[in-house]
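Structural features, examined
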Amino acid sequence: MRACSPIVFAGSRKKWAKDTSLTFQLSLLSSLKTRVIFSTLVIFVASIWVLAITATHILQSDMERLLGEQQLSTVSVAASAVNDDFTDRMQALEAEAQKLDIRLMGKPSALQAKLEDLSILQQQFNAGMWVSDETGTVIADFPISARRTGVNYIERDFMVSALKQGKAAVGSPVIGKVLKAPVFVMAAPIRDAGGRVIGTLAGVTNLADPNFLDKITQGLYGKTGGYIVVEPKSRLILTATDKTRILEVLPDPGVNQYVDRNIAGYEGYSVLVNALGEEQLASVKQIPAAGWYILLGTPVVEAFAPIRNVQQRLVYVALLLSLLAGWITWWILKRQLSPLAAAANAMEQLSHSQHIPAPLPIHSHDEIGKLLGGFNHVIETWTVR
């Protein structure tokens, strides 16, 4: 075998070591290590955040369904109670109207005494009752202090139904002509022996005073949630937990899709923006006997406060896990790739020293171990030469 010149050997060794060291460092340490660590971190962190976001979305959906079903159940009970109370009052009114005949209609004093004797209706209508003739003019009134005798109501919607169509009806909420307070009237036709309508018996509910709707609307739902009872025909709020909203006019058709949907007969729960522009979890139930609907709403901030706390905790946990995963990944990869760093340093020394470095220790038999074994084999070959 030809002996190799020390000068040639040293020069070739330096050239090889310099080129190899630079290439190895740039491509392996500056590229591979960074890419491996970065890619692993991205996978870990992305997985953690995808899990956190998915969990919060599922929790939000489940919480909305659970709270919505609970709220709808509550408003259904309330609507059923109002429907029963309304039906009882209308049936009592119709029953008493059937007992009034043409002889009483011609005797105002006797008719007045009859009204004062109707204790059941007095308990059911907090603003009293009155009887009108076929022209819509009041001819008997209870209590007398209301002073409605002689007042004509022919233009009111309930009078049109009772007098002209012969049907018992409930009127839209209005400001009373005499009471000057928000009221709604229930009216039943009075007929003669031949079935001709000769007048009406009406019961009046003053919404500004305690009434049968208050047992539903007077209580809060949660901390700030509440009820509203709506008369769809006139798009008016009949009554509400917030009494300042009585006779509030709802937005015109096309302005608020949720209001339009409720007025069209919708029943159910959803997250919506109400007529005041507030985001709510709201449940709607119709009151068929009256043609009204009742809505129970809770601000989203309050309704989903528990899930917001859980979501915040999930974010904190995700941040902590991201930092922990990042640190653990960096530590593990740094330890696993440290033999490569040692090999790169040894190669770099070859370009600055005449001494051949000692073989590198091999701690594993994986790809890195094979690479270090190859490096040691090259060193041994040069040593032999």
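Note that the structure is predicted; figures quoted are calculated from it, not measured. (Residues numbered from 1 in each chain as written. Predicted model: local features only at pLDDT ≥ 70, side-chain atom pairs only at ≥ 80, totals over all residues. Heavy atoms only, no water.)

**What about the overall build of the protein?**
Secondary structure summary: the protein contains ten helices and eleven strands in total. Residues classed as buried in the protein amount to 43% of the 385 residues present. If you take every contact in the protein between residues at least 6 apart in sequence, the share linking residues at least 24 apart comes to 58%. When the accessible surface of the protein is split by element, carbon and sulfur atoms take 61% of a total near 20,600 Å². (Helix = DSSP H or I, 4+ residues; strand = E, 2+ residues; numbered from the N terminus. Buried < 20%, exposed > 50% of the residue type's maximum accessible area, 1.4 Å probe, protein only. Contact = heavy atoms within 4.5 Å. Areas by Shrake-Rupley, 256 points an atom, 1.4 Å probe, with all protein chains shown as cover.)

**Quick look at the side chain of S270**
Relative to the assigned elements, S270 resides in strand β9 (residues 268-273). On the accessibility criterion, S270 (12% relative accessible area) is buried. Within the structure, S270 has its side chain in polar contact with the side chain of R261 (distance 3.0 Å). Those residues in contact with S270 that sit more than four places away from it in its chain are R261, Q280, L281 and A282. (Polar contact = N/O pair within 3.5 Å; in protein donor to acceptor, adjacent residues only side chain to side chain.)

**Let's talk about the packing of aromatic side chains**
A complete count under the given rule lists five aromatic pairs for this structure. Measuring from centroid to centroid gives 4.9 Å for W130 and Y153, while their planes differ by 10 degrees, and the two rings are stacked. Residue W130 is found in strand β1 (residues 129-133), and its partner Y153 is found in the loop between β2 (138-142) and α5 (157-164); the two are separated by 23 residues along the sequence. Grouped by ring-pair contacts, the aromatic residues F86, F184, F212 and W292 constitute a single cluster. The cationic tip of R261 hangs over the ring face of Y266; the distance from NZ or CZ to the ring centre is 3.8 Å. (Phe/Tyr/Trp six-rings, centres within 6.5 Å; stacked < 30°, edge-to-face > 60°. Lys NZ or Arg CZ within 6 Å of the ring centre and 35° of its normal.)

**Things to note about the pairing of strand β5 (residues 182-191)**
Taken across its ten residues, β5 has nine buried, putting it largely inside the fold. Sheet topology note: the strand β3 (residues 169-170)/β5 ladder contains two bridges and is antiparallel. Considered in β5, the bridge of V170 is made with M186. The loop that links strand β4 (residues 174-175) with its antiparallel partner β5 comprises six residues; one of these, K180, has a positive phi angle of about 55 degrees. As paired strands, β5 and strand β6 (residues 197-206) are joined by nine bridges and run antiparallel to one another. Bridge pairing in β6 links V183 to N206. (Pairing = 2+ DSSP bridges.)

**Details of the pairing of strand β7 (residues 226-231)**
With six of six residues buried, β7 lies mostly within the body of the structure. As paired strands, β7 and strand β11 (residues 292-299) are joined by five bridges and run antiparallel to one another. Along β11, the bridge assignment pairs G226 with G297. Pairing of β7 with strand β8 (residues 236-240) involves four bridges; the strand directions are antiparallel. Bridging across to β8, I228 finds its partner in A240. If you look at the hairpin formed by β7 and β8, you'll find four residues sitting between the two strands, and R235 has a positive phi there, around 55 degrees.

**Some details on the environment of D252**
Note on placement: D252 falls in the loop between β8 and α7 (257-263). Separated by 17 residues in sequence, D252 and R235 place their C-alpha atoms 8.1 Å apart. Setting aside its immediate chain neighbours within four residues, D252 contacts R235 and D260.

**Regarding the nonpolar core**
In terms of nonpolar packing, the biggest core is built from 41 residues, with V131, F184, W292 and I294 touching the most fellow members. Going through the elements one at a time, α1 (6-99), α2 (102-105), α3 (108-116), β1, β5, β6, β7 and β11 are the ones with two or more residues in this core. Looking at which element gives the most residues to this core, the answer is α1, with nine residues. Once residues lying within four places of it in the same chain are set aside, the contact partners of I294 are V75, A78, A79, I216, Y227, I228, V229, S283, V284, K285 and I287. (Core = buried A, V, L, I, M, F, W, Y, C linked by side-chain atoms within 4.5 Å.)

**Focus on the confidence of the model for the protein**
Residues with a pLDDT of 70 or more make up 78% of the protein, whose mean pLDDT is 82. Taken together, the stretch residues 1-30 has pLDDT below 50 and engages in 42 contacts with residues farther than four places along the chain or on a different chain. (pLDDT = per-residue confidence, 0-100.)

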